[in-house]
Amino acid sequence: MSNAESEASASPAAPAARPAAHGQGEPGSAEPGRLGSDRLGGLGRVLIAVYIVLALAATFRSVYQIIAKFDEAPLAYSLSALSGVVYIIATIALIKRRGIWRSIAWGALIFELSGVLVVGLLSIVEPQLFGHPSVWSFFGSGYLFIPLVLPVLGLIWLRSTGRAAAAQAAERSPARTSAQIPANPGGSA
């Protein structure tokens, strides 16, 4: 073996063999899934798009109902306004979903699911409480049960993206890579 070959084999890693910094692959690289935790997957894009539509629909509907006929069903229309605000907060938190926004997303989705379940149950057991249906009445049946299914999918997505980010962090951790730990730390043979 020549000196150049022995020096190349003794180097820790050739530049082409090094992983991208911080788990960030380059677009078009041979490492799919190494683009980092910021990237939205297909489910993430769909969830956020549906949340945007639901936030707009619930908010504008409740604003109209509160302005035009609040006295007919104040509880139902107030709940619709609350759901619109929750959908707006959830949308923003899911888009940002890092740091404190991740916690806000968890809280908004859990609150939303709880609201759908409680209001859905109450609208069946005590329908006279509401007067008119709200977004969450009858488990979101007026919105094709999307208010019931959406927070569940959102929670699943947050959980899976959290696990993926944790796995990437563990993969990048110096304590996890044996290539960075010297074979003989004391230097003696």
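For the structure itself, consult the block above.
Residues numbered from 1 in each chain as written. Predicted model: local features only at pLDDT ≥ 70, side-chain atom pairs only at ≥ 80, totals over all residues. Heavy atoms only, no water.

J.: I keep staring at the nonpolar core and nothing clicks. Help me out?
T.: As a rule of thumb, nonpolar side chains are buried together in soluble globular proteins. Counting residues in hydrophobic clusters, the biggest one holds 28 residues, and the most contacted among them are Tyr51, Tyr87, Leu94, Leu109, Val135 and Trp136. Secondary structure elements with two or more residues in this core: helix H2 (42-69), helix H3 (74-96), helix H4 (100-125) and helix H5 (146-172). If one sorts the elements of this core by residue count, H3 sits on top with seven residues. Excluding residues that lie within four positions of it along the chain, Leu94 makes contacts with Ile48, Tyr51, Ala105, Leu109, Trp157 and Leu158. (Core = buried A, V, L, I, M, F, W, Y, C linked by side-chain atoms within 4.5 Å. Buried < 20%, exposed > 50% of the residue type's maximum accessible area, 1.4 Å probe, protein only. Helix = DSSP H or I, 4+ residues; strand = E, 2+ residues; numbered from the N terminus. Contact = heavy atoms within 4.5 Å.)

J.: Help me out: how do you make sense of unusual backbone geometry in this one?
T.: Outside of glycine, negative phi angles account for most residues, and trans bonds account for most peptide bonds. In this structure, Phe139 is a non-glycine residue whose phi angle is positive, near 60 degrees. Unusually for a residue other than glycine, Leu144 sits at a positive phi of about 60 degrees.

J.: Would you take a moment to explain the packing of H2 against H3 for this structure?
T.: To describe two helices that pack against each other, one gives the angle between their axes and the distance between the axes. At a minimum axis separation of 8 Å, H2 and H3 run at an interaxial angle of 155 degrees. As the angle between them shows, H2 and H3 are arranged roughly antiparallel. Once H2 is placed against H3, the crossing between them reads as left-handed. Taken together, the residues of H3 that come into contact with H2 (itself represented by Ile48, Tyr51, Ile52, Leu54, Ala55, Ala58, Thr59, Ser62, Gln65, Ile66 and Lys69) are Tyr77, Ser80, Ala81, Ser83, Gly84, Val85, Tyr87, Ile88, Ala90, Thr91, Leu94 and Ile95. Of the residues assigned to the contact of H2 with H3, the class counts are 15 nonpolar, seven polar and one charged. (Axes fitted to C-alpha atoms, helices over the stretch in contact; angles between N-to-C directions. Parallel < 35°, antiparallel > 145°, perpendicular 65-115°, else oblique. Left-handed = near helix turned anticlockwise from the far one by under 90°. Nonpolar A, V, L, I, M, F, W, Y, C, P; charged D, E, K, R; others polar.)

J.: Just checking my understanding: could you explain the packing of aromatic side chains for this structure?
T.: Aromatic ring pairs are defined here through the distance separating the ring centres and the angle between the ring planes. What the rule picks out here adds up to two aromatic pairs. An angle of 65 degrees between the planes, with centres 6.4 Å apart, marks the rings of Phe111 and Trp136 as edge-to-face. In this pair, Phe111 is assigned in helix H4 and Trp136 in the loop between H4 and H5, connecting sequence segments 25 residues apart. (Phe/Tyr/Trp six-rings, centres within 6.5 Å; stacked < 30°, edge-to-face > 60°.)

J.: Which parts of the structure should I look at to understand a nonpolar patch on the surface?
T.: Side chains of Phe145, Val149, Val152, Leu153 and Ile156 sit close together on the surface and give an oily, nonpolar patch of about 400 Å² of accessible area. Along the chain, Val149 falls in helix H5. Looking at Val149, the relative accessible area reads 42%, which means it is partly exposed. (Patch = residues over 30% accessible without salt bridge, like charges linked within 9 Å, V, L, I, M, F, W, Y side chains within 5 Å. Areas by Shrake-Rupley, 256 points an atom, 1.4 Å probe, with all protein chains shown as cover. Salt bridge = Lys/Arg side-chain N within 4 Å of Asp/Glu carboxyl O.)

J.: Just to check I follow, could you spell out H3 for this structure?
T.: In an α-helix, one full turn covers 3.6 residues, which means residues spaced three or four apart are oriented alike. Between the first and last C-alpha of H3 there are 33 Å, a value that for 23 residues agrees with the 33 Å anticipated at 1.5 Å per step. Those residues of H3 that fall on the buried side of the exposure criterion are Ala76, Tyr77, Leu79, Ser80, Ser83, Gly84, Val86, Tyr87, Ala90, Thr91, Ala93 and Leu94. A positive backbone phi angle near 35 degrees is found at Arg97, which sits one or two residues after H3. (Expected span 1.5 Å × (residues − 1).)

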